[in-house]
Structure formats: C-alpha cells, structure tokens
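So you can see what is in the structure, the chains are spelled out below.
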Number of protein chains: 2
Amino acid sequence: MPAAELAELAALLADRTRAAVLVALLDGRAWTAGELARAAGVAPPTASAHLTRLVEAGLLREHRQGRHRYVRLAGPEEAALLEHLLAYAGPGRPAPTLRAATASAALARGRTCYDHLAGRLGVALADALVARDLLTADLTTTPAGLAWFDALGADFTGTRRPVTRACLDWTERRPHLAGAAGAHLCAWLHDRGWVRRSGTGRAVAVTDDGRVALADLLGLVAP
Amino acid sequence: MPAAELAELAALLADRTRAAVLVALLDGRAWTAGELARAAGVAPPTASAHLTRLVEAGLLREHRQGRHRYVRLAGPEEAALLEHLLAYAGPGRPAPTLRAATASAALARGRTCYDHLAGRLGVALADALVARDLLTADLTTTPAGLAWFDALGADFTGTRRPVTRACLDWTERRPHLAGAAGAHLCAWLHDRGWVRRSGTGRAVAVTDDGRVALADLLGLVAP
DNA sequence: GCGACGGTTCGGTCCCGGCCGAAGTGTCCC
DNA sequence: GGGACACTTCGGCCGGGACCGAACCGTCGC
C-alpha cells in the first residue's frame, strides 16, 4: 500500500528541472520563480508549473510579495530527505567543464545544507567539536557541549526540533552537524563574519578572520 | 550538477510497479521474478523489464538459478534509502479495505526492515535495550551492550558495517535499531523461535514462547 | 524424448507529462 | 495614467516510457 505514495513522492523528484530547483533551494534561502527558472535553464512558464506542483505537494512553501513569488524548502525534513537522496546518488563522475569543476570544488570545500554547514568545512567542524568533547562521536551534545552552545547564545528550549542531528554529507560521505545546534552554529559563524557565501549558490568559504578565529577556538585547520 | 543524478535515481522509484517491487523486497529476502510480478499486479514481461532496469541501476542484485531469476535488494544502503523515503511519504490515509487494513495493522505491529526488526516491535525492542542501559538514547552500544551482544554470539569484528544505526520507523516515526547489531538480534530471535514471519510478506509476530522470553529477558511487553 | 513452466524478447498501443510561445493579469515605478 | 516587469494561463507539440499479447528460449519433471 505505501508503494503508491513512495512512487508519488519519487515522481516529484524524478524530473531534471524540479531536481535542479530543489538542489538550488537546498541553500535554505527563498528564491523567486524567475531566478529558479534561470538556474534550471527553462522558460518561466515551465518553472511556474513546477513550483506549483512542488508547493501543492508540500515540499516547498511559497510567499507572495508584490509581483514576486518567493519559494523555499518547507522545512528541515525536506532538506534532510534531499540530502539522503543526494548522498546515495553520490557525486557521480567529475564535472565535465572547468567552470563546473571549480564550482563543484567550492561546494565540496564548504556549503550550506539548508541551514547548517556541510562539505569539508562542515565535517571538519563536527570533528573539531568531537575532539574537544563538546559532541560525542555520534554528534549528540555532551554536558560541556551544551554549555558551549549556551555561551554562543543558543537557546534550545521550547523547540520541537532535535538539538543535534547527524546529516550524511554527500561529498564527504561522513556525517556533519545538523539540527538546531548545527543551524545556530552556522548562523553564529555568519554573524561574526567568519564564514561567508562565495558566489551565487550554496558555496561557503572561511574568511581570513575566520581562519584565525577557528584555529584559535577549536584548533580547526579550515579547508 | 548533482541534480541530474538525483532525478535519475528518483525516476527509478517514481513508478508504482517498481515501487511495489522495492517495498516487497524490503523484507530482505530474494524473490523470483514471477512472485514479484504477481505482487505488483502486472504481467511477467512488464516485471521482467522493471527488474532489469533496477538491477542495472544497482539497486537490486540478481541470482539466476535454473529457470528462476532471484532478485534481492543490493544491500543495507538501498534498504535505508527506501526507509527514508517511506518515512517521509508516511503511512498516508488508512487502508480502504478490511483485508488491506488487517494486513497493514500486522505490518505496523511488527515487520522486518531489510534485515532487522521494525514496527511497534522494533521500536519496543530498542526502547527496552535503552532502558536496560545496553544502548544509549541515540542507539549506540554501551560497554554493557557490547558484552550483551557478545553473549548472544554476535561478532562485530571484521565488518565494515556500522555496529548500530538508528533507522527511522515509518509507521512509528521513531527510531529502531538497525546496523549489524540490529541484524544479529533479528536473526537470533528468529533462531530461537521467539518471532516468526506471519503471512506471506514482511509482517513478523512474537510467538507465545517469545512473549514469555522477552518479558523475562528485557521486561518487554510484546506488541 | 515430450509437455509444462518460468522467464525473456519483440512489436505495437497508448497516455502522461514536460516544454514553449503567445496572450493575459496584476504590481511597481515614474 | 502608462510602460516595464514578474508571473500565470492556455493551447499545442512532442517524446518517453509503461503496458500487454504473442512468440521464443531455456529448464525441469516424467
């Protein structure tokens, strides 16, 4: 019986254009319909129909503002679902063009995964937190870790969301930190100017300040 | 760039018949092509083509024996992938017919998930192991747990597979025990005759002996 | 040997769904 | 108010792929 629903869900992702849209939205930001049409390489009417379908299925949430239609992933569950599939589908063969190769190298170095950090940067952060006994090996908080996040201004009370979650990284094939703590850490590093989006997409790079600060704070050799 | 591979993978699952085949194979057993054709409700040629496609994609492995073509899930990764999707797609609306309702009730009570136990039974087992301090709250083994599994005859050395893994249960929406330990526990309970497949599919029920033994051993009130 | 059976190959049908261009609706800005 | 702009609706085209029946190939059992 659940086979029908499985097929229905998979059908939503089984189209190059919709897949491109979802992957773009994995950066956790809201995109306009036009931006997504350009990113996916299709005409506006085509993108419009796809977005309607994804919104109706509940994978995306939309927010209309003036003449713009903003759209974003519905929530962390949807991001996790996509990450699982991407982790299985794998990075595949290397990128064919130089331009694509440098872009995917930047993504492999560091990127956002919905609302937390992934790529070599994400994995290295998780490793550093484990090495400092702030997280256990399976990425749940230790008492010291809870205190540490508290010092960062995190408040995990009153949220139904798990504080920590291990998210399988689809380039590194190792888990990085997701959940409320992962999201807070990502936002905190951005606020400090220690990491910054590079380029238009999901790629994230450590700033010079960040490189020093992270080495100092966590003994992290930033990728 | 990974969008194309995501769409390709999803397309494999985006068909009712292939989805039905994969869900059937989630019991971890090898099925013949004919059995799967009947289970999915299609003619033999149709099933044959689907199986070829799934095998070529690497989701299934086949084993030809005489005039039979046996087919099974390629490995635990594939099972985990399907479970993730099913957990998201959810149990949906209740079953429309009485026959289907009793079948899905049996599945919800207990079933195999590839090679370990799931459903209320699987979740209850995991809870009992946590309560006895054999597993941590996130379903990794404690030292006592390792000793306990050792006493069960489990040998986790020399396997690349994780000893424990939390697998999100798509009926209970809570994690149950997967990984090498989950598989061993499932096999061990079967060997003892404490659980037994009921019906033709994945459903599993606790036997009378098992009910007594599990209450005795783990304080478990079997579902 | 010979029939029964499981599975596959082939050919043909049919339908779903992705795509775009043109035209329409509403919003913003001057 | 008028023109540029973001987006949507509509109509029509086209390709892919799911399905089956018929015929074919190998294996099993007598």
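In this report, the structure presented in the accompanying data block is examined. (Residues numbered from 1 in each chain as written. Chains lettered and ligands numbered in written order. Predicted model: local features only at pLDDT ≥ 70, side-chain atom pairs only at ≥ 80, totals over all residues. Heavy atoms only, no water.)

## Some details on the environment of Tyr 114 of chain B
Residues and elements named next belong to chain B.
Right, on to step 1. You can see Tyr 114 is positioned in the loop between β4 (111–113) and β5 (116–118).
Right, on to step 2. Tyr 114 sits 32 residues away from Leu 82 along the chain, and the two C-alpha atoms are 9.9 Å apart.
Right, on to step 3. If sequence neighbours within four positions are ignored, Tyr 114 has contacts with Leu 26, Asp 27, Gly 28, Leu 73, Gly 75, Pro 76 and Ala 79. (Helix = DSSP H or I, 4+ residues; strand = E, 2+ residues; numbered from the N terminus. Contact = heavy atoms within 4.5 Å.)

## Points about the sheet that holds strand β1 (residues 31–32) of chain B
All names here are of chain B.
Right, on to step 1. Strand order in the open sheet formed by 3 strands is β1-β3-β2, with antiparallel pairing between adjacent strands. One side of each edge strand has no neighbouring strand; the edge strands of this open sheet are β1 and β2 (60–65).
Right, on to step 2. Pairing of β1 with strand β3 (residues 68–73) involves 2 bridges; the strand directions are antiparallel. What sits directly across from Trp 31, in β3, is Val 71. (Pairing = 2+ DSSP bridges.)

## Some details on the nonpolar core
Right, on to step 1. Leu 60 and Leu 73 of chain A together with Leu 60 and Leu 73 of chain B are the most contacted members of the largest nonpolar core, which totals 61 residues.
Right, on to step 2. Apart from the residues within four sequence positions on either side, Leu 73 of chain B is in contact with Leu 22, Leu 25, Leu 26, Leu 59, Leu 60, Arg 61, Ala 79, Leu 82 and Tyr 114 of chain B. (Core = buried A, V, L, I, M, F, W, Y, C linked by side-chain atoms within 4.5 Å. Buried < 20%, exposed > 50% of the residue type's maximum accessible area, 1.4 Å probe, protein only.)

## Here we look at the protein's contact with DNA strand C
Right, on to step 1. For DNA strand C, the set of nearby residues contains 21 residues, the closest of which are Thr 46 and His 50 of chain A together with Gly 34, Ser 48 and Arg 69 of chain B.
Right, on to step 2. A distance of 2.9 Å separates a phosphate oxygen of DNA strand C from a polar side-chain atom of Thr 17 of chain A.
Right, on to step 3. In this structure, a phosphate oxygen belonging to DNA strand C sits 3.3 Å away from a side-chain N or O atom of Arg 53 of chain A.
Right, on to step 4. Residue assignment for the surface near DNA strand C shows that the elements contributing at least two residues are α2 (16–25) and α4 (44–56) of chain A together with α3 (33–40), α4 (44–56) and β3 of chain B.
Right, on to step 5. With 4 residues, α4 of chain A is the single largest residue contributor to the surface near DNA strand C.
Right, on to step 6. Looking at side-chain class alone, the surface near DNA strand C contains 6 nonpolar, 8 polar and 7 charged residues. (Near = heavy atom within 4 Å. Polar contact = N/O pair within 3.5 Å; in protein donor to acceptor, adjacent residues only side chain to side chain. Nonpolar A, V, L, I, M, F, W, Y, C, P; charged D, E, K, R; others polar.)

## Focus on the protein's contact with DNA strand D
Right, on to step 1. Near DNA strand D you find 21 residues, and of these Gly 34, Ser 48 and Arg 69 of chain A together with Thr 46 and His 50 of chain B are the closest.
Right, on to step 2. Within 4 Å of the protein, the contacting atoms of DNA strand D are 79% sugar and phosphate, with bases supplying the remainder.
Right, on to step 3. Interatomic distance of 3.2 Å between a backbone N/O atom of Ala 33 of chain A and a phosphate oxygen of DNA strand D.
Right, on to step 4. Contact between DNA strand D and Thr 17 of chain B: a phosphate oxygen at 2.9 Å from a side-chain N or O atom of the residue.
Right, on to step 5. Those elements giving two or more residues to the surface near DNA strand D turn out to be α3 (33–40), α4 and β3 (68–73) of chain A together with α2 (16–25) and α4 of chain B.
Right, on to step 6. If you tally residues by element for the surface near DNA strand D, the top one is α4 of chain B, at 4 residues.
Right, on to step 7. In terms of residue class, the surface near DNA strand D is built from 6 nonpolar, 8 polar and 7 charged.

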